[in-house]
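As a plain string of letters, each chain reads:
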Amino acid sequence: MSRYSFTVPDSIESAREIQQQARSLVIPEDRLDPVGLVAGVDVGFEENNTITKAAIVVLNFPSLEVVETSIARMPTGFPYVPGFLSFREIPAILEALEHLKTNPDLYLCDGQGIAHPRRLGIASHLGVAIDRPTIGVAKSLLVGKHAPLGEEKGAWTPLIDKKETIGAVFRSRTRVKPLYISIGHRVSLETAIDRVSRCLTKYRLPEPTRLADKLSKKEGGEVRNLGT
DNA sequence: GCGACAG
DNA sequence: ATCTTGTCGC
C-alpha cells in the first residue's frame, strides 16, 4: 500500500532529487475522515545537536483532552539546511510514531507544508511518508509574500509564491506574530485553517503543536507513553 | 553577484 | 533549534 519509502540522502543534491520526486505524491485536497484524534508533532535537539528528540501528543478533537504522548531520541543524521528540514527531523518522528497506540486522524506539524521552495516542507514530506493527513503550522516564513495582515485573531491572508497560493498567514491571537499554515497532505487549505482554528485556546500555537513543543523541550525520555 | 533562509 | 532573567504589556 505504501508506495513511498522515506530515506535520508547523503548529499543535498540527492536530497533535492528526493523532494522533486516526492512532491508529486502530495494530495492537496480533503481526503480525511472526520477528526476524532489530532496529533501535534515537534522536534527538539540535545547534546549540542547530536541527539534529535521527537515528541508527539495525541488529543481528542474537538475537546482537546490529551489521550497519549510519545517520545523518541535518535542520533542526529543530517545537518540543518533551510529547505531540507525533513531529512533532519523525520527519522526521529517516525520512531516516535511507532510507539503510538492510537491512530490520529490528523497531524499538525511544526514547520511548513507545501509553503516550501519545492513544495515539500516537513509536514508534506511526513504526510507522504506515512500517507496520513497533515498540516504545516510554522512560526516563521520560509518562502512567499503576502498582503498586510489584520491584527485581530482569526484574520488571514493568502501566502503567495511565484503567482500561486502556497498557504495562509494566520493571526492566531490578536496583535501577536502570525502563524504560517499550509497544506501538508490530504487536506485542503480551507480545512487546514479551520482545523487549526478549532485547536486554539489561549496561546499563539494550537494545542497539539504547543504541547508537543513543550514535551520536546522537557527532560526525560525513557517513558514513551503517558496518559490513557 | 547580493540577500533570504522552517527548525 | 539552543544558550538565558527579568520584565513590559494585554
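The model shown is predicted, which means the values in this text are computed figures rather than measured ones.

### Observations concerning the environment of Glu 47
Next up, step 1: Looking at the element boundaries, Glu 47 is found in the loop between β1 (37–46) and β2 (51–60).
Next up, step 2: Classification of Glu 47 as exposed rests on a relative accessible area of 59%.
Next up, step 3: Each C-alpha atom of the pair Glu 47 and Pro 75 lies 9.9 Å from the other, and the pair is 28 residues apart in sequence.

### Quick word on unusual backbone geometry
Next up, step 1: The amide bond that connects Phe 61 to the next residue, Pro 62, takes the cis arrangement and shows omega of 5°.
Next up, step 2: One non-glycine residue, Glu 47, lies in positive phi territory at about 50°.
Next up, step 3: Residue Lys 163 is not a glycine yet carries a positive backbone phi of 70°.
Next up, step 4: Here Lys 163 shows up in the loop between β6 (156–161) and β7 (164–170).

### Details of the protein's contact with DNA strand B
Next up, step 1: In the vicinity of DNA strand B lie 18 residues, with Tyr 80, Gly 83, Leu 85, Lys 139 and Ser 140 positioned nearest.
Next up, step 2: If you look at DNA strand B and keep only atoms within 4 Å of the protein, 48% of those are sugar or phosphate atoms.
Next up, step 3: Within the side chain of Tyr 80, one N or O atom sits 2.4 Å away from a phosphate oxygen of DNA strand B.
Next up, step 4: In this structure, a sugar or linking oxygen belonging to DNA strand B sits 3.5 Å away from a side-chain N or O atom of Asp 110.
Next up, step 5: Listing elements by their share of the surface near DNA strand B, those giving two or more residues are β1 and α2 (85–98).

### Quick notes on the confidence of the model for chain A
Next up, step 1: This prediction gives chain A a mean pLDDT of 95; 96% of its residues lie at or above 70.
Next up, step 2: For residues 223–228, every residue scores under 50 in pLDDT, and the model assigns this stretch 19 contacts once sequence neighbours within four places are set aside.

### What to know about the pattern of salt bridges
Next up, step 1: In the structure shown here, the tally under the stated rule is twelve salt bridges.
Next up, step 2: The salt bridge partner of Arg 119 is Glu 164, with a shortest N-O separation of 3.1 Å. A residue pair is termed long-range when its members are at least 10 positions apart, and Arg 119 in the loop between β4 (106–110) and α3 (122–130) and Glu 164 in strand β7 qualify at 45 residues.
Next up, step 3: For Glu 164, a relative accessible area of 38% corresponds to the partly exposed category.
Next up, step 4: Each of Glu 46, Lys 53 and Arg 73 takes part in one network of salt bridges that share partners.

The rules behind these values
- Residues numbered from 1 in each chain as written.
- Chains lettered and ligands numbered in written order.
- Predicted model: local features only at pLDDT ≥ 70, side-chain atom pairs only at ≥ 80, totals over all residues.
- Heavy atoms only, no water.
- Helix = DSSP H or I, 4+ residues; strand = E, 2+ residues; numbered from the N terminus.
- Buried < 20%, exposed > 50% of the residue type's maximum accessible area, 1.4 Å probe, protein only.
- Near = heavy atom within 4 Å.
- Polar contact = N/O pair within 3.5 Å; in protein donor to acceptor, adjacent residues only side chain to side chain.
- pLDDT = per-residue confidence, 0-100.
- Contact = heavy atoms within 4.5 Å.
- Salt bridge = Lys/Arg side-chain N within 4 Å of Asp/Glu carboxyl O.

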